[in-house]
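Analysis of the macromolecular model
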Amino acid sequence: MTLWALAVLAISFVLAERVARALGFPPLGRLAAVACVALLPIQFSLEVDPFREWEAGLAAAGVLALLLIVLRLDRTRTVSWRALAALGLGNGALILINPPAGLATSGAIGLYLLLRVSWRRWWIPILPAAALVAAVLLPWGLRNQQALGHFTPLRTGDGISMALSYYDGKAGDSGPQLQALDLQRIQQVSPQRGAAARQRYLQVGEIAYNRELRAATRGWMTSNPVDVMKIRARNFLQFYAPPAWLWTRFTKGDGSFIALRRGFLVATTLFALVTLAHGLARRRTEWIYVAVVLLLPCLPYVATYPLLRYRYVVSTLLIFIGVGGACQLAVALMRRLRRRASLP
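To keep things clear, this report deals only with the structure shown in the data block.

What counts and how
- Residues numbered from 1 in each chain as written.
- Predicted model: local features only at pLDDT ≥ 70, side-chain atom pairs only at ≥ 80, totals over all residues.
- Heavy atoms only, no water.
- Axes fitted to C-alpha atoms, helices over the stretch in contact; angles between N-to-C directions.
- Helix = DSSP H or I, 4+ residues; strand = E, 2+ residues; numbered from the N terminus.
- Parallel < 35°, antiparallel > 145°, perpendicular 65-115°, else oblique.
- Left-handed = near helix turned anticlockwise from the far one by under 90°.
- Contact = heavy atoms within 4.5 Å.
- Nonpolar A, V, L, I, M, F, W, Y, C, P; charged D, E, K, R; others polar.
- Core = buried A, V, L, I, M, F, W, Y, C linked by side-chain atoms within 4.5 Å.
- Buried < 20%, exposed > 50% of the residue type's maximum accessible area, 1.4 Å probe, protein only.
- Phe/Tyr/Trp six-rings, centres within 6.5 Å; stacked < 30°, edge-to-face > 60°.
- Lys NZ or Arg CZ within 6 Å of the ring centre and 35° of its normal.
- Salt bridge = Lys/Arg side-chain N within 4 Å of Asp/Glu carboxyl O.

Thoughts on the packing of helix α13 (residues 258-281) against helix α14 (residues 285-295)
Here α13 crosses α14 at 140°, and the two axes come no closer than 9 Å. When the axis of α13 is compared with that of α14, the two are oblique. For the crossing formed where α13 meets α14, the hand is left-handed. For the pair α13 and α14, the contacting residues are T275, L276, G279 and L280 in the first and W287, I288, V290, A291 and L294 in the second. Residue composition of the contact of α13 with α14, by class: seven nonpolar, two polar and no charged.

Printed below as a string of structure tokens:
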């Protein structure tokens, strides 16, 4: 499983370098980005431990692969139906692996269809994706209906996720205080962490327990709309600029060099946003695809809560764009300084 995690990691780095090349970054910027993601232990423990079981590393590679395909197809005048069908199958598979990642690539593919493909051919990628998703989720939902008494095509834990996202006091605290509140809250609502929650869970069942939490949380959200907006705005900020305590959100242990690791992620994200804005200002179509891919995956986690594992879907891409943009800026500044030095 460790070899699997490392293989997915290496593949994602290769794909990110190809995406950076397609976006026009020079070799120096691409090499610097490869060095950063391969050598700096920014999220190393996440990449080699949880990603042996969790899907975020594979999802990141899938996002980069489909983005690269879209960027290449965008430069092609004519595209075969086989290529469109393969694009749809890949997107359907990614939706099953990681729905937020699938949301990102669905947005990029939808934009590509809108800009480059006749509406008469839109069904070619859409139909295989829908068929693949239905072929998995429909039997799974029917199995859950038989086992749990309710048709559930994905999972049942949305009530727990909502209860962890919205509750009294969460909108006003931040940093260690918010982490302490989250630890207390997860003890209250998670059957895996709290005895009272587990007792209620076993008493009413999985579906009913989540339904109760969902109804109670929606009532709180209706009564506290301003707090809901504050929580979501903070979630958006923390998704792209993760605070230091997010490295140990549900634990009390201290990580190593968290301030440096956080500083690197925040700095590369800021450079990535500036580079993205520059590309959009030049009206380059490829940067619109990148903007869609970077923005859409955050939406489910803005509505709930961010984790580094959730953010990882776009983390490598942000690092490559940020480091590449910083290198381009440094080269441009050096050239300007040389020109001024050469003037009489």
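The structure having been displayed, the exposition proceeds.
Focus: the nonpolar core
In terms of nonpolar packing, the biggest core is built from 88 residues, with Y112 and I321 touching the most fellow members. Look past the residues within four positions of Y112 in its chain and what remains in contact with it is V70, L73, D74, V79, L84, V117 and Y289. The next biggest cluster of nonpolar side chains, apart from the first, holds seven residues, and it includes M162, A171, M221 and V228.

A closer look at the packing of aromatic side chains
Each pair of aromatic rings is reported with the distance of its centres and the angle of its planes. Within this structure, the stated rule accounts for eight aromatic pairs. A ring pair is formed by F51 and Y312, whose centres lie 4.8 Å apart and whose planes are at 70°; its orientation type is edge-to-face. Residue F51 is located in the loop between α3 (44-48) and α4 (56-74), and its partner Y312 is located in helix α16 (residues 308-342); the two are separated by 261 residues in the primary sequence. Each residue in the set F236, F239, Y240, Y301, Y305 and Y310 is aromatic and connected to the rest through ring pairs, giving one cluster. The ring of W54 carries the charged tip of R309 above its face, separated from the ring centre by 3.8 Å.

Description of the pattern of salt bridges
In the structure shown here, the tally under the stated rule is nine salt bridges. Across the pair R18 and E17 runs a salt bridge, and its minimum N-O distance is 3.7 Å. Classification of E17 by relative accessible area gives buried; the value is 13%. The residue E17 makes a salt bridge to R21 at a minimum N-O spacing of 3.3 Å. Here E17 pairs with R21, and both are found in helix α1 (residues 2-22), just four residues apart, close to one helical turn. Residues joined in a network through salt bridges with shared partners are E17, R18, R21 and R30.

Topic: the environment of V266
Structurally, the position occupied by V266 is in helix α13. Each C-alpha atom, one on V266 and one on P243, is 8.9 Å from the other, the two residues being 23 residues apart in sequence. Residues within four places of V266 in sequence aside, it is in contact with A241 and P242.

Note that every value here comes from positions in space, so none of it alone points to a role or purpose.
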